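# An overview of the molecular structure
So the chains spell out like this:
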Amino acid sequence: MLERKTFHKTLIYSGVALLIIGLFGAASMQARASAMSDLVTQGRQIFRFDTFGDEDFWGEQLKLHQAIEGEQFGGVGPGVSPTTALSVGLKVDVKALPDSLKRQLKKGQVDLNDPAVTLALLKLNAVVGVTGFFNSDGSLSSIGIQCALCHSTVDDSFAPGIGKRLDGWANRDLNVGAIIALSPNLSPLQTLLSADRDTVVAVLNSWGPGKFDAELVLDGKAFNPQQVTDGVVTGTNVPGATLIPPAFGLAGVNLHTWTGWGSIPYWNAFVANIEMHGKGNFFDPRLDNAAQFPIAAANGFGHIQTPEDEDLITPKLPALHAYQLSLLAPLPPDGSFDPVAASRGDALFEGKAKCASCHVPPLYTESGWNLHTPAEMGIDSFQADRSPDLMYRTSPLKGIWTHTKGGFFHDGRFATLLDVVNHYDTLFSLGLTNQEKSDLVEYLKSLGDVPLQTPKGDD
Ligand code: HEC
Ligand code: HEC
């Protein structure tokens, strides 16, 4: 009897103990989930608003803020009006605008040709990816840029160029080169590139919308002497800038950038230090290769050191990474592709067209070392040769419908998805019929992770 009672007690005790463990377990899981969502929220803030101290470059050195405010506010030149800003692809976050201003805009009561309005928008923190720093008299003292400048756009819900933020989307309207070329002082770039102002301006203006040359300040190679596609010369002296890729749909992808420089946190540190000119630490001895990266090697770009208390980049890398991983690729809107043709295209993608041998669903790149030689891809090696592995990275294709402007492949050499499919048909002798090619295109247009929506928890 006694034994039985003890047994029961033991059962009850262990039941209670399990319950307690279970409750604690759930609580700690919840704690972990909320720590993760805090990290994502912090990362969003950094992605949208953090300049990493880069105003010391864009403002203090290049004096870009003086060109934006114009003579009227103590700067230089005519200034940048909202009309000009929108025409070079800058975007305005409608959520940052007060209702009174929205009403005036709707009624056409705002002078969009007045640089003072641009300053007002900057003061409201409404220009996506750009932060103005102000003097007490309302003029600009400096200007900094953020990741969102190139990797966000807006949904145009208010007016063209004005709407809700779409983080992770490539801004293919943004003419980065034309914006930088406005800078009154380009001497930091002239020194790096050993070139005069006119040459630097000509290079910057060669990029065009949706492109940027991340390797220019490493190797100084501004133009691809000969673009070759499937054995045919398809261009000479083609600008070396590459298309801005999306920053969504990247979870699970090993190597990033068109040429596979490294992981997401690798590239985030690279960009924040070397391209944006923020203040941080960066280590990559591959940049010491003076034959391949003469400018980077001479300037020690692979060994950027900033003391811990002045490092505005390294502590932010975890949150930035978490945020990027949280950005899923949007599915296309209904009616933007033919679902029946897309499902035939799906079968071709995995079968006859052999696309899935490299673009492995659901990553649409290889799990593992996702690079291929220029010869395998049937294209010239110019851009691949500007990267450590001399290869091209298999593009993750999800959400490709969001970045059809500017073309496809790293330099946009294929104007349409059909041109891309035709290239593969030639390269791999696939023998695709016209119907099959168009089915593949419909399939490509259908790819994405989640329905299009305003980013979660945005309010
Ligand atoms: C001036 C425009 C610009 C800014 C600002 C910028 N990027 Fe980029 N980003 C690019 C371009 C262009 C590439 C492609 C570079 C290449 O392949 O050489 C790229 C590539 C990337 C990639 C790789 C995407 C892929 O497909 O694998 C990630 C991730 C990324 N950027 C994140 C960031 C983050 C985070 C920031 C802020 C710290 C940032 N970028 C700032 C233009 C920009
Ligand atoms: C041998 C591996 C491989 C195969 C097979 C392959 N791709 Fe690709 N794909 C790549 C690489 C690498 C790139 C990047 C090329 C570049 O950046 O210049 C790419 C780029 C693309 C792009 C452009 C992405 C962008 O953002 O511009 C599309 C679209 C595409 N591939 C579709 C396909 C289709 C459709 C097939 C089948 C007919 C296919 N690929 C077969 C490796 C491959």
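Note: the structure precedes this text.
Attention in this report is confined to the structure presented alongside it. Once a new chain begins, its residue numbering starts again from 1 and follows that chain's sequence as written. Written order determines the labels here, with chains lettered from A and ligands numbered from 1. For a predicted model such as this one, the threshold for reporting local features is a pLDDT of at least 70, and the threshold for listing and counting side-chain atom pairs is 80 or more; totals across whole chains, interfaces and linings nevertheless cover every residue.

## Observations regarding the overall build of the chain
Each helix is a run of H or I in the DSSP string that is no shorter than four residues. Each strand is a run of E no shorter than two, and both are numbered from the N terminus. For the chain, the helix and strand inventory stands at 18 helices and 14 strands. Against the globule reference of 23 Å for 459 residues, the chain gives a C-alpha radius of gyration of 25 Å, in line with a compact fold. A principal-axis box enclosing the C-alpha atoms of the chain has dimensions of 100 × 65 × 55 Å. Neighbour density around each residue's C-beta defines its exposure: 20 or more other C-beta atoms within 10 Å make it buried, 12 or fewer make it exposed, and counts between make it partly exposed, where C-beta atoms are placed from the backbone. Across the 459 residues in the chain, those meeting the buried criterion constitute 42%. Only C-alpha atoms enter the radius of gyration, while the globule expectation follows 2.2 Å times N to the 0.38, with N the number of residues.

## Side note on the site of ligand 1
The local shell around ligand 1 holds 26 residues, among which Cys-147, Cys-150, His-256, Thr-257 and Trp-258 are the closest. When contributions to the shell around ligand 1 are tallied by element, the ones reaching two or more residues are helix H7 (148–151), helix H12 (264–275) and helix H14 (317–326). Top element by residues in the shell around ligand 1 is H12. It accounts for 5 residues. We count a residue as near a molecule or strand when its backbone-placed C-beta atom lies within 6 Å of that partner.

## Description of the site of ligand 2
If you check the shell around ligand 2, you find 26 residues, and the closest are Cys-355, Cys-358, Ser-395, Phe-408 and Phe-409. Breaking the shell around ligand 2 down by element, the ones donating at least two residues are helix H16 (374–377), strand S14 (392–393), helix H17 (417–427) and helix H18 (434–446). Examining the composition of the shell around ligand 2, we find that 4 residues originate from one element, H17, more than from any other. In this classification, Asp, Glu, Lys and Arg are treated as charged, Ala, Val, Leu, Ile, Met, Phe, Trp, Tyr, Cys and Pro as nonpolar, and every other residue, Gly included, as polar. For the shell around ligand 2, the residue count by class is 17 nonpolar, 6 polar and 3 charged.

## So, the pairing of strand S2 (residues 130–134)
Taken together, the 5 bridges between S2 and strand S3 (residues 140–145) define a ladder with antiparallel strand orientation. Looking at S3, one finds that Gly-132 is bridged to Ile-143. Hairpin connection between S2 and S3: a loop of 5 residues separates the two successive antiparallel strands, and Gly-138 in this loop has a positive phi of roughly 90 degrees. Whether two strands pair comes down to DSSP finding at least two bridges between them.

## Considerations on the environment of Phe-382
Note on placement: Phe-382 falls in the loop between H16 and S14. Measuring from C-alpha to C-alpha, the distance between Phe-382 and Asn-224 comes to 6.1 Å, with 158 residues separating the pair along the chain.

## Some thoughts on the packing of H12 against H14
Helix axes are fitted to C-alpha atoms over the stretch in contact, other axes to C-alpha atoms as well, and angles between N-to-C directions run from 0 to 180 degrees. Put simply, H12 and H14 touch, their axes get as near as 10 Å, and they point 120 degrees apart. By the angle between their directions, the pair H12 and H14 is classed as oblique. Where H12 crosses over H14, the two elements pack in a sense that is right-handed. Side by side, H12 and H14 meet where Ile-264, Pro-265, Asn-268 and Ala-269 of the first sit next to Leu-317, Leu-320, His-321 and Gln-324 of the second. Tallied by class, residues from the contact of H12 with H14 come to 5 nonpolar, 3 polar and no charged. Angle categories are assigned with fixed cut-offs, so that under 35 degrees is roughly parallel, over 145 is roughly antiparallel, 65 to 115 is roughly perpendicular, and the rest are oblique. Handedness of a crossing follows from how the near helix is turned relative to the far one, being left-handed for an anticlockwise turn of less than a right angle and right-handed for a clockwise one. Note that contacts rest on C-beta atoms placed from the backbone: two residues are in contact if these are within 7 Å.

## Comments concerning helix H15 (residues 339–350)
Expected span of a helix, by definition, is 1.5 Å for each gap between consecutive residues, and there is one gap fewer than residues. Given a rise of 1.5 Å per residue, 12 residues ought to cover 16 Å, and the 17 Å separating the end C-alpha atoms of H15 matches this to within 8%. Of all the residues in H15, the buried ones are Ala-342, Gly-345, Leu-348 and Phe-349. What you see down the axis of H15 is that its buried residues fit within an arc of 110 degrees, all on one side. Looking at the buried side of H15, the elements it contacts are H18. Here, the arc refers to the directions that run from the helix axis to the C-beta atoms.

## Observations concerning the environment of Leu-440
Within the secondary structure, Leu-440 is located in helix H18. Spatially, the C-alpha atoms of Leu-440 and Phe-349 are 6.7 Å apart, while their sequence positions differ by 91 residues. Apart from residues lying up to four places away in sequence, Leu-440 is in contact with Gly-345, Leu-348, Phe-349, Ala-353 and Val-421.

## As for the packing of H15 against H18
Relative orientation of the contacting elements H15 and H18 amounts to 100 degrees, with a least axis distance of 7 Å. By the criterion of interaxial angle, the relationship of H15 to H18 is roughly perpendicular. Residues Ala-341, Ala-342, Arg-344, Gly-345, Asp-346, Leu-348 and Phe-349 of H15 touch H18, and the partners they reach there are Glu-436, Ser-438, Asp-439, Leu-440, Glu-442, Tyr-443 and Ser-446. Per-class residue counts for the contact of H15 with H18 are 6 nonpolar, 3 polar and 5 charged.

## A closer look at helix H10 (residues 197–206)
For H10, every residue scored as buried is listed here: Val-200, Val-201, Val-203 and Leu-204. Around the axis of H10, the buried residues are gathered within 160 degrees of arc, so they sit on the same side. Here the buried face of H10 lies against helix H8 (176–181) and helix H9 (187–193). Downstream of H10 by one or two residues, Gly-208 has phi in the positive range, about 80 degrees.

## Regarding the environment of Ala-67
Assignment of secondary structure puts Ala-67 in helix H3 (residues 64–69). On the basis of neighbour counts, which here come to 23 C-beta atoms within 10 Å, the residue Ala-67 falls in the buried class. The contacts of Ala-67, once residues within four sequence positions are left out, are Gly-75, Val-76, Gly-77, Val-80, Leu-182, Ser-183 and Pro-184.

## Some details on unusual backbone geometry
Backbone torsion omega between Pro-361 and Pro-362 reads 0 degrees, so that peptide bond is classified as cis. Along the chain, Pro-362 turns up in the loop between H15 and strand S13 (371–372). Despite not being glycine, Thr-257 has its phi angle at roughly 75 degrees, a positive value. Along the chain, the position of Thr-257 falls in the loop between strand S10 (242–243) and H12.

Honestly, that's just the spatial picture; any functional story needs more than this.
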